[in-house]
Protein chains: 2
Amino acid sequence: MTRLLVRGGTILPMTARQDIFTGDLYIENGEIRGIYPGAAPAELVGEANETVDARNKLVLPGLVNAHTHAAMTLFRSYADDLPLMRWLEEAIWPAEAGLTGDDVYWGTMLAIAEMLKAGVTTFADMYFFMDRVAAAVADSGIRGHLSRGLVGLGPNAEQALAENEALFREWHNGADGRVRVWLGPHAPYTCPPDYLKRVMALADRLGTGLHIHLAETRTEVEDIQKQYGKSPTLLLDSIDLFERPVLAAHCVHLSPEEQAILARKRVGIAHNPESNMKLASGVAPVESLRRQQAVIGLGTDGAASNNNLDLIEEMRQAAFLQKVHLGDPTVMPAYSVLEMATVGGARALGWAEAIGTLEAGKRADLILLNLAQPHLAPRHDLVAHLVYAARGSDVDTVVVDGRVLVRSGKLVGLDEERIMAEAQKRAIRLTNTVELAD
Amino acid sequence: MTRLLVRGGTILPMTARQDIFTGDLYIENGEIRGIYPGAAPAELVGEANETVDARNKLVLPGLVNAHTHAAMTLFRSYADDLPLMRWLEEAIWPAEAGLTGDDVYWGTMLAIAEMLKAGVTTFADMYFFMDRVAAAVADSGIRGHLSRGLVGLGPNAEQALAENEALFREWHNGADGRVRVWLGPHAPYTCPPDYLKRVMALADRLGTGLHIHLAETRTEVEDIQKQYGKSPTLLLDSIDLFERPVLAAHCVHLSPEEQAILARKRVGIAHNPESNMKLASGVAPVESLRRQQAVIGLGTDGAASNNNLDLIEEMRQAAFLQKVHLGDPTVMPAYSVLEMATVGGARALGWAEAIGTLEAGKRADLILLNLAQPHLAPRHDLVAHLVYAARGSDVDTVVVDGRVLVRSGKLVGLDEERIMAEAQKRAIRLTNTVELAD
């Protein structure tokens, strides 16, 4: 039995704004058994067979990346600064057409390596070859919330749905419970209502939820309005899609009425500020949603539209973008953004009973940040430090399900060199580009 | 004589968009003597008495932080998410009132430690006790463009001007040419036209330039308009302030006419997107200014309104903020932002004859980024990687004036522990807060 003691850290359990204290954390078999302000009882200290020195470190729940397409790391910086449709039609889609299951495995491993090193312990992924994504989650030790992207138009609609069901049957609660599987209807504009209803029926039969893109661009809203006489959000509401667990990515273009619906129906909203900025999709009304107690997580989206998977940077963007957009420096205060990146994301993924805060009885997903650095000195408000000054590279230690996956900033048990080499080789093949010399 | 050879890097000299190649750089006595695509001639290799291995590294000009208040690191994360005037009146100004020269020295040293580690080799600073800032520049090896902040209202107006002149006489071209001194009239709303005219006369007499805040907030524009019947920019233009070298920080609120004036008069514009976002000042029209070939650099502003001094992050913000604000993903492409952070900043500071690009005859200010990391893999477009995916912590080596100041990500010759301890002690005293336990 693994008994892990995390000693002497500054603990930020994300249970309430005022909760921050120096203390110990005791973990048994991947579960947090106790949190001790000051120090753990001497008998527990004696029983631990692994100890993490957390002095000079900030200890908090692992970050939850609430929306990404992990394997798109293969297309990081492949095509930037282009109009959206040229980017998709001339760069991304042709490159994706050549993807194999192995490519997706290695692209996902690259994403996992990057995310773990930057403190992400759970990610919600929507892509294809998702059995290979599940294998990457199993192999790496991270936690994954996986959905097969479903496009209801075209010849693969049935096949994709069958794959998502097979993924559920093979992987849901797999990898010691680190994998959960939802269904992934891509978006209202790629999944007509009839198809969505079949996806919903399957979700209900399996007892699972839906991960979907929603109201990302103005064009989407206008097209759906033209086609169905209502907005994407009202269209989904009209077919009762929100009556089950839903993770809705982006939610940029929402009327006040639509915001109220998402808040009331407890739809999990994955806010992706950097992607929305880089692709010029718009500014999501997250401050307004937050004031309505909506369920909000934070996502990076895929690396091609970000171009990294650093959720700490994403927190900063979420706060700064709302402040400048609303012309008010008091909106989206630091702690509220940190909630989105942890417990908010856990709720949005339907996983908050197990992760998102540091509390006895929850799974031991936690990260330690190294505070002894010039850009985090002096120490006034550590929450403001984390959201406004820290970087993914400040993460020193990462524990997922009680296992130490990053120690002193280095991956434990993953071959980073090989992952980067595999990704490089495949990226070159897929995009047909010439490699720059080192 | 120091002869430094930088071998086998991917060199991005920032001379033109297409210029990127593998090669060597040869430096003698702090000056770039030659850049060699492929490899340097064998006789030069033999003459070098220090070699930097740049394989797997991106070599580019050191970054220029075009506007900051370095010693404000002491107030990093001290008071956030407040309305602007409460932040200034209740937090920042009372804390600043207690500052001593020693505090400014150590706060500046903390900023320098942070900036060097993140690839900043030159910074433009406006604050007080500037002789101590100059001493920090001299002691640390960084390059500094220093101005005593001048407030023309109140009892210290004359004293401050005398201090700025003394600073010029003692330090201009000091520290082996690494210090330049300009005059620092704080802003149109703190320096009435009569005072500005006296500052201008002194600048002309000394043969130096002016560093000023301009059009940062809407309130400033409205107040000046009310008081003088014209906007801050037109007010400064009406007294011919722009007829000499000027570094104007922020420039957020500008009419098309004002933009054209700044572009035509070659005013150096220091764009500070993160500060403008965090304080909700607004979105500067930098894409428009860029299209008018204005001289634009990139700044972090002080750490209290940022909250770090990471210019790589600032590049990303500059690009993303314009894209989402203008609703166009093609504006502010990666290379244009990188220009602002290097050669644009050098021009804005009036220092482009010596720094800002890698060219034979210029001073050897350069940085190496470590490319062998998951978040920078695979390698498609390295400029996009740098602007959209990299972090300050990716900086591996920093050379200023031919001296290696950072090696393998660690400061050479600065006592980081002591700097952080001094800053911590002083921050606690100045803000009267209770220290959090580690």
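Residues numbered from 1 in each chain as written. Chains lettered and ligands numbered in written order. Predicted model: local features only at pLDDT ≥ 70, side-chain atom pairs only at ≥ 80, totals over all residues. Heavy atoms only, no water.

1. Structural notes on the relation of the copies chain A and chain B
Step number 1: For the pair chain A and chain B, the best superposition has an RMSD of 0.0 Å and corresponds to a rotation of 180° with a translation of 0.0 Å parallel to the axis. Taken together, the rotation and translation relating the two chain copies correspond to the operation of a two-fold axis. Every residue of chain A has its C-alpha some distance from the rotation axis, and the shortest such distance is that of Ser393 of chain A, at 3.4 Å.
Step number 2: A share of 100% of interface residues in chain A that are also interface residues in chain B marks the association as one of identical surfaces. (Least-squares fit on C-alpha atoms with pLDDT ≥ 70 in both. Contact = heavy atoms within 4.5 Å.)

2. Observations regarding the packing of helix H3 (residues 101-117) of chain B against helix H16 (residues 416-431) of chain B
All names here are of chain B.
Step number 1: Closest axis-to-axis distance for the H3/H16 pair is 9 Å, and the angle between their directions is 130°. In terms of orientation, H3 lies oblique with respect to H16. Crossing geometry of H3 relative to H16 is assigned as left-handed. The segment H3 lies against H16, with Asp102, Asp103, Trp106, Met109, Leu110, Ala113 and Lys117 engaging Glu416, Arg418, Ile419, Met420, Glu422, Ala423, Arg426, Arg429 and Leu430.
Step number 2: Considering only residue class, the contact of H3 with H16 consists of eight nonpolar, no polar and eight charged. (Axes fitted to C-alpha atoms, helices over the stretch in contact; angles between N-to-C directions. Helix = DSSP H or I, 4+ residues; strand = E, 2+ residues; numbered from the N terminus. Parallel < 35°, antiparallel > 145°, perpendicular 65-115°, else oblique. Left-handed = near helix turned anticlockwise from the far one by under 90°. Nonpolar A, V, L, I, M, F, W, Y, C, P; charged D, E, K, R; others polar.)

3. Focus: the packing of aromatic side chains
Step number 1: Scanning the model with the defined rule gives eight aromatic pairs over all chains in all.
Step number 2: For the pair Phe320 of chain A and Tyr388 of chain A, a centre-to-centre distance of 5.4 Å together with 15° between the ring planes defines the contact as stacked. Here Phe320 of chain A, found in helix H13 (residues 311-326), pairs with Tyr388 of chain A, found in helix H15 (residues 382-389); they are 68 residues apart in sequence, far enough to count as distant.
Step number 3: Each ring, one from Tyr105 of chain B and one from Trp106 of chain B, has its centre 5.2 Å from the other, and the planes form 90°; the classification is edge-to-face. Summarising the burial analysis for this pair, Tyr105 of chain B and Trp106 of chain B share the class buried.
Step number 4: Grouped by ring-pair contacts, the aromatic residues Tyr127, Phe128 and Phe129 of chain A constitute a single cluster.
Step number 5: One Lys or Arg, Arg143 of chain A, reaches over the ring of Trp351 of chain A and ends 5.5 Å from the middle of that ring. (Phe/Tyr/Trp six-rings, centres within 6.5 Å; stacked < 30°, edge-to-face > 60°. Buried < 20%, exposed > 50% of the residue type's maximum accessible area, 1.4 Å probe, protein only. Lys NZ or Arg CZ within 6 Å of the ring centre and 35° of its normal.)

4. Topic: the domain arrangement of chain A
Residues and elements named next belong to chain A.
Step number 1: The assigned domain composition of chain A is domain 1 (3-61 + 358-411) and domain 2 (63-348).
Step number 2: Here the C-alpha centroids of domain 1 and domain 2 sit 28 Å apart.
Step number 3: A combined buried area of about 2300 Å² lies between domain 1 and domain 2, and 67% of that area is made up of carbon and sulfur atoms.
Step number 4: Of all residues in domain 1, Met14, Val387 and Tyr388 bury the most surface against domain 2, accounting for 29% of the area lost on that side.
Step number 5: There are two salt bridges connecting domain 1 and domain 2.
Step number 6: The salt bridge partner of Asp365 is Arg143, with a shortest N-O separation of 2.7 Å. (Domains from an automatic or database assignment. Buried area = accessible area lost by both parts, 1.4 Å probe. Salt bridge = Lys/Arg side-chain N within 4 Å of Asp/Glu carboxyl O.)

5. Some remarks on the interface of chain A and chain B
Many structure descriptions define interface size as the accessible area lost when the parts assemble.
Step number 1: The interface is formed by 74 residues belonging to chain A together with 74 residues belonging to chain B.
Step number 2: Regarding the contact of chain A and chain B, the summed buried area is about 5800 Å², with carbon and sulfur atoms giving 60% of it.
Step number 3: The tally of links between chain A and chain B comes to six salt bridges.
Step number 4: Notably, a salt bridge pairs Asp81 of chain B with Lys323 of chain A, separated by 2.6 Å at the nearest N-O pair.
Step number 5: For the pair chain A and chain B, the interface holds 30 residue pairs in polar contact (both at pLDDT 80 or more).
Step number 6: Of all the secondary-structure elements, those providing two or more residues to the side of chain A that touches chain B are strand S1 (3-11), helix H3 (101-117), helix H11 (273-278), H13, H15 and helix H16 (416-431) of chain A.
Step number 7: With seven residues, H13 of chain A is the largest single contributor of residues to the side of chain A that touches chain B. (Polar contact = N/O pair within 3.5 Å; in protein donor to acceptor, adjacent residues only side chain to side chain.)

6. Looking at the pattern of salt bridges
Step number 1: Summed over all chains, the structure comprises 64 salt bridges over all chains.
Step number 2: Note that Glu313 of chain A and Arg316 of chain B form a salt bridge whose closest N and O atoms lie 2.5 Å from each other. Separated into two different chains, Glu313 of chain A in helix H13 and Arg316 of chain B in helix H13 (residues 311-326) make up a pair that spans both. Grouping residues by exposure puts Glu313 of chain A and Arg316 of chain B together as buried.
Step number 3: Its salt-bridge partner being Glu422 of chain A, residue Arg426 of chain A comes within 2.9 Å of it at the nearest N-O pair. Taken as a pair, Arg426 of chain A and Glu422 of chain A lie in helix H16 at a separation of four residues, close to a single helical turn.
Step number 4: For Glu422 of chain A, a relative accessible area of 10% gives the class buried.

7. Details of the pairing of strand S5 (residues 57-61) of chain B
All names here are of chain B.
Step number 1: Counted residue by residue, S5 has five buried out of five residues, so it is predominantly covered.
Step number 2: The pairing of strand S1 (residues 3-11) with S5 spans two bridges and is parallel. When the bridges of S5 are listed, Thr10 appears paired with Leu58.
Step number 3: In this sheet, strand S14 (residues 366-370) lies alongside S5 in antiparallel orientation, the contact comprising five bridges. In the sheet register, Lys57 faces S14, and the bridge partner there is Asn370. (Pairing = 2+ DSSP bridges.)

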